[in-house]
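For reference, the chains in residue letters:
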Amino acid sequence: MVFTFYFVLSWMMMGLFIFNRQENRGSRKELLFLVLLTCLINTHTYLGLFETFKWMKTTTTPKLYLAFLLFRSVFSPLFVSYLIMYINNSTLIKQFLLLLLYCLIILGIDKVNLSSELYTFKKWNHIFTVIYYLLYLFFAMYAFNWFKGLQEQEVKCKDDVGRT
Amino acid sequence: MMLVEHKFGQNDYFVICAVLVSWGIFFFLPKVFSNQLTILIFLYSLTAAGLFDNSFGSEPFDFYDIMDGPAYTVMDIVVYFLYPPFSYLFLYIYKKFQIKDRYLVFFILSFTAAAIGVEWVYHSMGVFHYKNGNSIIYSVCAYLFIQSLLIVFYRFLRPNEQVK
């Protein structure tokens, strides 16, 4: 059940990224940067931080673990990346509303994960999850803006890749 | 988070030396990619390695351990610094020698063979420990997939670079 839930959500986020991408929101490089960075952070946080410090325990049931992988490494990064693209192009009031909606969705997702036993809390609670996801969002936004500001100084070189 | 799980030994010294050598090679290589693309190459290798380690290397699969054991240590993080220069070298050769599509399969196969050779050295030095029926031969699939996807990413980004 929860596997299908995250499979559908991941598929939906991928679809939005591929088919609903608006060029003025960011170039391909910027998009890829966001997705890779958010995926890298979230993937390491659950095992490297939450498990190491015994703040939460992830499931060891293979079927649930696959759902957890989809949530941790596909859905969450794509969701956060998509939201950052929206927040970056919104007015202040809309940004505030999007943040509020983000917190509510994270809270809902966290409740679903707990009730499906994807993980269990040890020294953790829903508020910490929301705080973590807010920090995660802000850091990714900051890194995204830094990446956008990088100068494109490619060494000029004949690029024949892709030629048959 | 601990520095090492047991004691600072041969594998730790080896990893530090390997990191220094691989980054030394990177610094001596001509910089043929833009800053943004170089960061994306690094990020891609870190994310791909992180995804494999944190998915197949942890319970319930638990196919391998990095360094001394299953715990997440500082030296585990140092191991991640081995991957970016290798990815850069891979794309550098691809671009420098303008590998044509008809030779692409052989190029990826050659690099996979080289990667397997390097992994065998790491395994011999105690950096990777295979568990639960896993062996180095299964890494061939991972390298073929990761390197092919890197080429796809690179070619996905190239046309955009000429437009933007």
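A brief look at the structure comes next. (Residues numbered from 1 in each chain as written. Chains lettered and ligands numbered in written order. Predicted model: local features only at pLDDT ≥ 70, side-chain atom pairs only at ≥ 80, totals over all residues. Heavy atoms only, no water.)

Comments concerning the overall build of chain A
Thought 1: Scanning chain A from terminus to terminus reveals five helices and two strands.
Thought 2: Listing every helix and strand of chain A by position from the N terminus yields α-α-β-α-α-β-α.
Thought 3: Every one of the 164 residues in chain A was classed for burial, and the buried ones make up 48%.
Thought 4: The contacts in chain A between residues at least 6 apart in sequence include a share of 80% that link residues at least 24 apart.
Thought 5: Counting only carbon and sulfur atoms, one obtains 71% of the accessible surface of chain A, whose full area is about 8,600 Å². (Helix = DSSP H or I, 4+ residues; strand = E, 2+ residues; numbered from the N terminus. Buried < 20%, exposed > 50% of the residue type's maximum accessible area, 1.4 Å probe, protein only. Contact = heavy atoms within 4.5 Å. Areas by Shrake-Rupley, 256 points an atom, 1.4 Å probe, with all protein chains shown as cover.)

Quick look at the packing of helix 1 (residues 2-19) of chain A against helix 4 (residues 92-115) of chain A
Residues and elements named next belong to chain A.
Thought 1: Two elements in contact, helix 1 and helix 4, have axes whose closest approach is 11 Å; the angle formed by their N-to-C orientations is 150°. With respect to each other, helix 1 and helix 4 are oriented roughly antiparallel. Side by side, helix 1 and helix 4 meet where Phe5, Tyr6 and Leu9 of the first sit next to Ile109, Val112 and Asn113 of the second.
Thought 2: Within the contact of helix 1 with helix 4, the residues separate by chemical class into five nonpolar, one polar and no charged. (Axes fitted to C-alpha atoms, helices over the stretch in contact; angles between N-to-C directions. Parallel < 35°, antiparallel > 145°, perpendicular 65-115°, else oblique. Nonpolar A, V, L, I, M, F, W, Y, C, P; charged D, E, K, R; others polar.)

Focus on helix 4 (residues 83-96) of chain B
Thought 1: Between the first and last C-alpha of helix 4 of chain B there are 20 Å, a value that for 14 residues agrees with the 20 Å anticipated at 1.5 Å per step.
Thought 2: Following helix 4 of chain B by one or two positions, B:Gln98 has its phi on the positive side, about 45°. (Expected span 1.5 Å × (residues − 1).)

Looking at the layout of surface pockets
Thought 1: A volume near 1,000 Å³ is recorded for the largest pocket.
Thought 2: Lining the largest pocket are 29 residues, with A:Met14, A:Val35, B:Leu51, B:Leu149 and B:Phe153 positioned closest to its centre.
Thought 3: Mapped onto the lining of the largest pocket, the elements with two or more residues apiece are helix 1, helix 2 (28-51) and helix 3 (62-88) of chain A together with helix 2 (35-56) and helix 6 (139-163) of chain B.
Thought 4: Counted by class, the lining of the largest pocket contains 23 nonpolar, three polar and three charged residues. (1 Å grid on protein atoms, 1.4 Å probe; cavity = no way out; pocket = protein on both sides within 12 Å on 5 of 7 lines; lining within 4 Å. Points joined across faces, edges and corners; volume = space filled by probe spheres on them.)

A closer look at the side chain of B:Ser87
All names here are of chain B.
Thought 1: Within the fold, Ser87 resides in helix 4.
Thought 2: Relative accessible area serves as the criterion here: at 10%, Ser87 is assigned to the buried category.
Thought 3: The residues contacting Ser87, other than those within four sequence positions of it, are Ile41, Ser45 and Leu150.

Remarks on helix 3 of chain A
All names here are of chain A.
Thought 1: Here helix 3 spans 38 Å end to end across 27 residues, near enough to the 39 Å set by a 1.5 Å rise per residue.
Thought 2: Along helix 3, the sharpest kink reaches roughly 35°, centred on Phe71.
Thought 3: With 21 of 27 residues buried, helix 3 is to be regarded as a mostly interior element. (Bend = angle between axes of the 7 residues up to and from the residue.)

Some thoughts on the environment of A:Ser81
All names here are of chain A.
Thought 1: Within the secondary structure, Ser81 is located in helix 3.
Thought 2: Overall, Ser81 belongs to the buried group, its relative accessible area being 0%.
Thought 3: Residues Ser81 and Val35 lie 46 residues apart in sequence; the distance between their C-alpha atoms is 5.9 Å.
Thought 4: When near neighbours in sequence (up to four residues on either side) are disregarded, Ser81 contacts Phe17, Leu34, Val35 and Thr38.

Topic: unusual backbone geometry
In most cases, non-glycine residues show a negative phi, while peptide bonds are predominantly trans.
Thought 1: Residue B:Pro60 follows B:Glu59 across a cis peptide bond; omega there is 10°.
Thought 2: With a phi angle near 55°, A:Lys54 is a residue other than glycine that sits in the positive phi range.
Thought 3: Topologically, A:Lys54 is positioned in the loop between helix 2 and strand 1 (56-58).
Thought 4: At B:Asp62, a position not held by glycine, the phi torsion is positive, near 50°.
Thought 5: As for its placement among the helices and strands, B:Asp62 is situated in the loop between helix 2 and strand 1 (64-66).

So, the pattern of salt bridges
Thought 1: Applying the stated criterion across every chain yields a total of four salt bridges over all chains.
Thought 2: Ionic pairing is found between A:Lys57 and A:Glu51, a salt bridge with its closest N-O pair at 3.9 Å.
Thought 3: For B:Asp62, the salt bridge is made with B:Lys131, and the minimal N-O distance between the two is 2.9 Å. With B:Asp62 in the loop between helix 2 and strand 1 and B:Lys131 in the loop between strand 2 (128-130) and helix 6, this pair connects stretches of sequence that are 69 residues apart.
Thought 4: Overall, the relative accessible area of 24% leaves B:Lys131 in the partly exposed class.
Thought 5: Each member of the salt-bridge network shares a partner with another, and the members are B:Asp62, B:Asp65 and B:Lys131. (Salt bridge = Lys/Arg side-chain N within 4 Å of Asp/Glu carboxyl O.)

As for the environment of B:Asp65
Residue and element names in this part refer to chain B.
Thought 1: As for its position among the elements, Asp65 is in strand 1.
Thought 2: Classification of Asp65 by relative accessible area gives buried; the value is 10%.
Thought 3: Excluding residues within four positions of it along the chain, Asp65 makes contact with Pro70, Val127, Phe128, His129 and Lys131.
Thought 4: Here Lys131 takes part through its side chain, which lies 3.0 Å from a polar atom of the side chain of Asp65. (Polar contact = N/O pair within 3.5 Å; in protein donor to acceptor, adjacent residues only side chain to side chain.)

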